[in-house]
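Observations on the model geometry
The residues making up each chain are set out below.
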Amino acid sequence: SQQGEEDPQALSIQEGENATMNCSYKTSINNLQWYRQNSGRGLVHLILIRSNEREKHSGRLRVTLDTSKKSSSLLITASRAADTASYFCATDARGNNRLAFGKGNQVVVIP
Amino acid sequence: GAGVSQSPSNKVTEKGKDVELRCDPISGHTALYWYRQRLGQGLEFLIYFQGNSAPDKSGLPSDRFSAERTGESVSTLTIQRTQQEDSAVYLCASSGEWVQETQYFGPGTRLLVL
């Protein structure tokens, strides 16, 4: 079964608000990554958090990882219209040689 | 430097025809991945190449799908006797040696089978 499954939500928020999305996975991992996809094309890497890290920041992004609950969250603060995209988490199961991507969360930021 | 490139950007074909999709990875990246993404869905792993090792083909959905890669360069994904359910965006990504590393994606090829 596929790891890295986001809560199946489409999020619509006003510009300036914060957006939070979650991801859960099933097996032990080395790290978890978040990617963004605009308009159904190539994905862009946002941030990587290692299994021994609990929180990581990059600009307006904040990622948390709870390995006991096998879950992660991505917070986008002070959202902008340009943040409108689909966001995917991806995990690498230990002993596996590939990333497993979740189904994605669609975020729409209304100007 | 140049990113991952894919060609063609869009491909429309008739059911039963063969198609070939191309991926040029980032120079120096030893790992190359192919994914399929149906409309509104997540990424479906197809195949993984790592250096000169035997590829991991476990994600290929049927024997109509095949892929090749010459060394650490260009890869081609071939779909024979296309079916309408093959319609999707096919994404290629490359990375360094370790699976834990960031993957860099190409823009994808949007395939429509009529």
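Up top is the structure.
Residues numbered from 1 in each chain as written. Chains lettered and ligands numbered in written order. Predicted model: local features only at pLDDT ≥ 70, side-chain atom pairs only at ≥ 80, totals over all residues. Heavy atoms only, no water.

Met21, Leu32, Trp34, Leu46, Leu74, Tyr87 and Val107 of chain A are the most contacted members of the largest nonpolar core, which totals 22 residues. At the level of secondary structure, the elements contributing two or more residues to this core comprise strand E2 (10-14), strand E3 (19-24), strand E4 (29-37), strand E5 (43-50), strand E7 (61-66), strand E8 (71-76), strand E9 (85-93) and strand E11 (105-110) of chain A. Residue contacts for Leu74 of chain A: discarding those within four places in its chain leaves Ala19, Thr20, Met21, Trp34, Leu46, Leu61, Arg62, Val63 and Tyr87 of chain A. Residues Leu46, Ala67, Leu77 and Cys92 of chain B belong to the second largest nonpolar core, which totals 20 residues. (Core = buried A, V, L, I, M, F, W, Y, C linked by side-chain atoms within 4.5 Å. Buried < 20%, exposed > 50% of the residue type's maximum accessible area, 1.4 Å probe, protein only. Helix = DSSP H or I, 4+ residues; strand = E, 2+ residues; numbered from the N terminus. Contact = heavy atoms within 4.5 Å.)

On the chain A side, the residues contacting the 25 residues of chain B number 22 residues. When chain B packs against chain A, close to 1,700 Å² is buried across both sides, 48% of that on carbon and sulfur atoms. Summed over the shared surface of chain B and chain A, the result is zero salt bridges. Put simply, chain B and chain A have three residue pairs in polar contact (both at pLDDT 80 or more) between them. Counting residues per element, the ones that place at least two in the side of chain B that touches chain A are strand E4 (31-37), strand E5 (44-50), strand E8 (88-95) and strand E10 (109-113) of chain B. No other element matches the three residues that E4 of chain B contributes to the side of chain B that touches chain A. Across the side of chain B that touches chain A, the residue classes tally to ten nonpolar, twelve polar and three charged. (Buried area = accessible area lost by both parts, 1.4 Å probe. Salt bridge = Lys/Arg side-chain N within 4 Å of Asp/Glu carboxyl O. Polar contact = N/O pair within 3.5 Å; in protein donor to acceptor, adjacent residues only side chain to side chain. Nonpolar A, V, L, I, M, F, W, Y, C, P; charged D, E, K, R; others polar.)

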